[in-house]
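Chain by chain, the residues:
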Amino acid sequence: MEILNKIISVILMIGGVMMIHKTLYQFLGFFVRSKKFPKAENLHTYSFIIAARNEEAVVGNLIESIRRQKYDGRIANIFVVADNCTDSTAEVCRKYGAVVYERKDPEHARKGYALEFLFERIREDYGIDHCDGYFVFDADNLLAPDFVCRMNEAFDDGWKIVTSYRNTKNFDTNFISAAYGIHFCHNSLGRHRPRSVLGIGTHLTGTGYLISSDLMEKGWHYVNFTEDDEITLAKAGEGIKVGYCEAAEFFDEQPHDVKTVFNQRVRWAKGRLTNFFLHGVQAFKGIFKHKSFTCYDMFTHYFPYGLFSWILGIIYPTTSFVIGLFDPGTNDYKGMVINLGITLATMYGTELLAGALTAIRERSHIRCSTGKLILYVLLFPWYTMISIPVYLVAVFKNVTWVPIKHDDARKIDSLVKEKETEKV
């Protein structure tokens, strides 16, 4: 038992060393300002890509926020794939002037396949190169009025893929939506911002990104459960980095019930694990082939170290404790309970610090009263700590994509006005 404990300690120590730069990111992101891109010399032409499944309540507001962009360049088309819809999503989108393709394929009903279908239709009817780049959004998103202007600056600066600042529509609904909001704000503070300042590529987070049309010449073939992870890892391996434009802000509706959270998080975990085993080797090779710290960063970002550390730090001692009940005298129960408590307390404290730093640094982006925000920060660690059962379920379960209902129908005017006028 003592030898096994030493082996586990060495594994955790090696993993900790591999991840130490992520700790440095947290503090760098707290103190530095985001990178600003120079004024664009060119006004590029863009099209918008939206995958929608039964989104009649919200998709019209997204299209309206696109139409109202303060951009002097040309927005070519707004393309929507109405994926296995049973409501009036397609009709609503056409009413708002979007080009709509309807898709019926229940066996492959998820975003990656829907986007693959949509890009094939675009190639046939318009040509992939009819615009310079494609914005990819979920149907529940809303864009700040200067979103395209800011993203155009990053694109014109030479970035082939650019992600943006993901804010939350419904932060103050309850502690669940707030945890998602803190998580995505923390992505900006602890990942995107420091990487951007250091010139390192970052990762995509599902929606709100821009991709150059020349990268789509060979089509869209990212159909895993988390197609954003798949693009990030695959392109990193090819030597293509994802840029970050913090000045471009959009709003996203987050889940607010336990069942939806668990199903979504299991899907994310399954996707991350699958993508790592599909593209992780390519990213690792890219460290040497491209002499790229971005490849190293993305490899460690998707490496399931957290899963291993949780298993070794919590599940292993718990299992040993139970086994020891049938073999009295072989285990130091008091020591095991203490170690388990220290592990859980460390997890809670680490995530609490991350949540607090995020709430302080990103306060201007968070639409919530101070009292509620303090409570939500104290509760925030649950978001990461449930990763233990989530990953275990993801490993053994045959995961299917389950649509998430979106019903927050507020418009961008209300969000921007509230964000600008709310008192701390």
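Everything that follows concerns the structure shown earlier in this document.
Below, the structure is looked at part by part. (Residues numbered from 1 in each chain as written. Predicted model: local features only at pLDDT ≥ 70, side-chain atom pairs only at ≥ 80, totals over all residues. Heavy atoms only, no water.)

## Let's talk about helix α8 (residues 227-237)
Argument step 1. Taking burial as the measure, the eleven residues of α8 include eleven buried ones, the bulk of the element.
Argument step 2. Where the residues of α8 are buried, they touch α5 (111-125), β6 (161-168), β7 (209-212), α9 (258-289) and α10 (293-302).
Argument step 3. Just downstream of α8, Gly239 is the residue with a positive phi angle, here 90°. (Buried < 20%, exposed > 50% of the residue type's maximum accessible area, 1.4 Å probe, protein only. Helix = DSSP H or I, 4+ residues; strand = E, 2+ residues; numbered from the N terminus. Contact = heavy atoms within 4.5 Å.)

## Topic: the sheet that holds strand β2 (residues 75-83)
Argument step 1. Pairing is mixed across the open sheet formed by eight strands, whose spatial order is β3-β2-β1-β4-β7-β6-β8-β5. Of all the strands in the sheet, the pair left with one neighbour each is β3 (99-103) and β5 (142-143).
Argument step 2. As judged from the five bridges shared by β2 and β3, these two strands associate in the parallel manner. Pairing of Phe79 across the sheet is with Val99, part of β3. (Pairing = 2+ DSSP bridges.)

## Let's talk about the packing of aromatic side chains
The relation between two aromatic rings is expressed through the spacing of the ring centres and the mutual angle of the planes.
Argument step 1. Under the definition given, this model contains 29 aromatic pairs.
Argument step 2. The interplanar angle of 5° and the centroid separation of 5.6 Å between the aromatic rings of Phe119 and Trp220 together place this pair among those described as stacked. Linking Phe119 in helix α5 with Trp220 in the loop between β7 and α8, this pair joins segments that are 101 residues apart in sequence.
Argument step 3. Across from the ring centre of Phe117, 4.7 Å away, lies the NZ or CZ of Arg121, which sits over that ring.
Argument step 4. Positioned above the aromatic ring of Tyr383, the side-chain terminus of Arg265 is 4.2 Å from the ring centre. (Phe/Tyr/Trp six-rings, centres within 6.5 Å; stacked < 30°, edge-to-face > 60°. Lys NZ or Arg CZ within 6 Å of the ring centre and 35° of its normal.)

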